[in-house]
Amino acid sequence: MNLITIAFYFFAALTIVFGAIVVTTRNIMHAAFSLLFAFFGVAGLYVLLSADFIAITQIMVYIGGILVLIIFGVMLTTRITGVDIKSGTMGKLQMGMAAILTLVIAAGLIFVFISTKWYLAESKAVDATVNQIGNELLTNYLLAFEAASMLLLIAIVGAAFIARKNK
Amino acid sequence: MNIGLSHYLIISAILFTLGLFGIITRKNGIMVLMGLELVLNAANINFIAFAKYGGMNIEGHVAAIFVIILAAAEAAVALAIILNIYQNFKHVNIDEVNKLKG
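1. Structural notes on the overall build of chain B
So, point 1. What chain B contains, in helices and strands, is three helices and zero strands.
So, point 2. Listing the helices and strands of chain B from first to last along the sequence gives α-α-α.
So, point 3. Relative to the globule expectation of 13 Å for 102 residues, the C-alpha radius of gyration of chain B, 17 Å, shows a markedly less compact shape.
So, point 4. Overall, the C-alpha framework of chain B stretches about 55 × 25 × 15 Å when taken along its three principal axes.
So, point 5. With 102 residues in all, chain B has 54% of them scored as buried.
So, point 6. Sequence separation of 24 or more characterises 46% of the internal contacts of chain B that already satisfy a separation of 6 or more.

Now the structure itself:
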């Protein structure tokens, strides 16, 4: 058991446990705050996979952006003082069927992941990935990069247009 | 036993099915959105894991960045739609939203 192994199991447990809390708790605020720890665990997994830029992006965009947006949505659409803060779920039968379906999908995915002979290559040692990512984004993926910038602009304008009050 | 590719793949499979379970069973639109974020994170773990164990191929990182961009745009638009649903219906239970023109 070296330090990498311990760190992997710590972050994996963090991700899975808080991800399970997100989808099972009835209190919507608890789900939003559990999502924070699940995102943080995923960021730790990225660091272990030597993806430093993606880990920082995960923390800044997901935790700093999307999670704040979701919490705003929770506060704007639920009456905090009333009883409406709970999130309803389906009946017992539907819950059982959904659990069986997702367990079957999980078993199938894990079976495929373990039994397939993946292409493995000796990984080179890298000190920082930001340089290479910037080179790729402005050469091979330039069109996709520009399209993504247009998408973000359109999404901002569209969200502001949809969410405004009708006069 | 060293941590290999399959460890990360199993983590992402579990996270994907957790998110799928949340999407299927929740009524509240915001909770469905949270399940969707878990699914996108599972896909991203797969991209980064294959990038590392396939010989530190940087294109997996670029794909992960585009997934994060799409998740941000999708969250903004979806929350705007949910706010509109709340103004019209006074709740966000998406299984009771069944009118096109209310």
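2. Concerning the overall build of chain A
So, point 1. Helices and strands together make up the secondary structure of chain A, namely six helices and zero strands.
So, point 2. Going from the N terminus to the C terminus, chain A shows its helices and strands as α-α-α-α-α-α.
So, point 3. Taken over C-alpha atoms, the radius of gyration comes to 20 Å for chain A, far larger than the 15 Å a tight globule of 167 residues would show.
So, point 4. Counting only C-alpha atoms, chain A reaches 55 × 45 × 30 Å along its principal axes.
So, point 5. For chain A, buried positions account for 23% of its 167 residues.
So, point 6. By sequence separation, contacts in chain A at least 24 residues apart represent 55% of the contacts at least 6 residues apart.

3. Considering helix α3 (residues 59–89) of chain B
So, point 1. The end-to-end C-alpha separation of α3(B) is 44 Å, in line with the 45 Å expected for 31 residues at 1.5 Å each.
So, point 2. Count one or two residues on from α3(B) and you reach K90(B), which has phi positive near 65 degrees.

4. Some thoughts on the nonpolar core
So, point 1. Core analysis: the largest hydrophobic core is formed by 65 residues, its most contacted members being L45(A), Y46(A), I30(B), M34(B), I45(B) and I48(B).
So, point 2. Of all the secondary structure elements, the ones that give two or more residues to this core are α1 (3–24), α2 (28–48) and α3 (52–77) of chain A together with α1 (5–25), α2 (29–53) and α3 of chain B.
So, point 3. When residues in this core are grouped by element, the largest group, 15 residues, is from α2(B).
So, point 4. Every residue in contact with I30(B), bar those within four places of it in the chain, is listed here: I28(A), I70(A), G73(A), V74(A), T77(A), I82(B) and V92(B).

5. Focus on the interface of chain B and chain A
So, point 1. In this complex, chain B contributes 62 residues to the contact, which on the side of chain A involves 70 residues.
So, point 2. Elements that contribute at least two residues to the side of chain B that touches chain A include exactly α1, α2 and α3 of chain B.
So, point 3. Of all the elements, α3(B) adds the most residues to the side of chain B that touches chain A, at 21 residues.
So, point 4. Along the lines of polarity and charge, the residues of the side of chain B that touches chain A split into 44 nonpolar, 13 polar and five charged.

6. Remarks on the environment of F37(A)
Residue and element names in this part refer to chain A.
So, point 1. Tracing the backbone through its elements, the reader meets F37 in helix α2.
So, point 2. Between the C-alpha atoms of F37 and G96, which are 59 residues apart in sequence, the distance is 27 Å.
So, point 3. Apart from residues no more than four positions distant in its own chain, F37 is found in contact with L14 and F18.

7. Structural notes on the packing of α3(A) against α2(B)
So, point 1. For the pair α3(A) and α2(B), interaxial distance at closest approach is 11 Å and the crossing angle is 170 degrees. When the interaxial angle is binned, α3(A) and α2(B) end up roughly antiparallel. Contact with α3(A), carried on its side by I54(A), I66(A), I70(A), G73(A), V74(A) and T77(A), involves I30(B), L33(B), M34(B), E37(B) and I48(B) of α2(B) and no other residues of that element.
So, point 2. In terms of residue class, the contact of α3(A) with α2(B) is made up of eight nonpolar, two polar and one charged.

8. What to know about the environment of G73(A)
So, point 1. Mapped onto the elements, G73(A) comes out in helix α3.
So, point 2. By C-beta crowding, G73(A) is classed as buried, having 23 other C-beta atoms within 10 Å.
So, point 3. Along the primary structure G73(A) and L3(A) are separated by 70 residues, whereas in three dimensions their C-alpha atoms are 39 Å apart.
So, point 4. In this view, G73(A) contacts I30(B), L79(B) and I82(B); residues no more than four positions away in its chain are not counted.

9. Observations regarding the domain arrangement of chain A
Interfaces are often sized by the amount of accessible area the parts lose when they come together.
So, point 1. For chain A, the domain assignment lists domain 1 (1–86), domain 2 (90–117) and domain 3 (125–167).
So, point 2. Centre-to-centre separation of domain 1 of chain A and domain 2 of chain A, based on C-alpha positions: 22 Å.

10. So, the packing of α2(B) against α3(B)
Residues and elements named next belong to chain B.
So, point 1. One can describe the packing of α2 onto α3 by two numbers: an axis separation of 9 Å at closest approach and a directional angle of 175 degrees. Classified by the angle between their axes, α2 and α3 sit roughly antiparallel to one another. Here G29, I30, L33, E37, L40, A43, N44, F47, I48, F50 and A51 of α2 lie close against α3, whose contacting residues are G60, H61, A63, A64, V67, A71, A75, A78, I82 and I85.
So, point 2. Residues belonging to the contact of α2 with α3 are distributed by class as follows: 16 nonpolar, four polar and one charged.

What counts and what doesn't
Residues numbered from 1 in each chain as written. Chains lettered and ligands numbered in written order. Predicted model: local features only at pLDDT ≥ 70, side-chain atom pairs only at ≥ 80, totals over all residues. Helix = DSSP H or I, 4+ residues; strand = E, 2+ residues; numbered from the N terminus. Rg over C-alpha atoms; globule rule 2.2 N^0.38 Å. Buried ≥ 20, exposed ≤ 12 C-beta atoms within 10 Å, placed from the backbone. Contact = placed C-beta atoms within 7 Å. Expected span 1.5 Å × (residues − 1). Core = buried A, V, L, I, M, F, W, Y, C linked by C-beta atoms within 7 Å. Nonpolar A, V, L, I, M, F, W, Y, C, P; charged D, E, K, R; others polar. Axes fitted to C-alpha atoms, helices over the stretch in contact; angles between N-to-C directions. Parallel < 35°, antiparallel > 145°, perpendicular 65-115°, else oblique. Domains from an automatic or database assignment.

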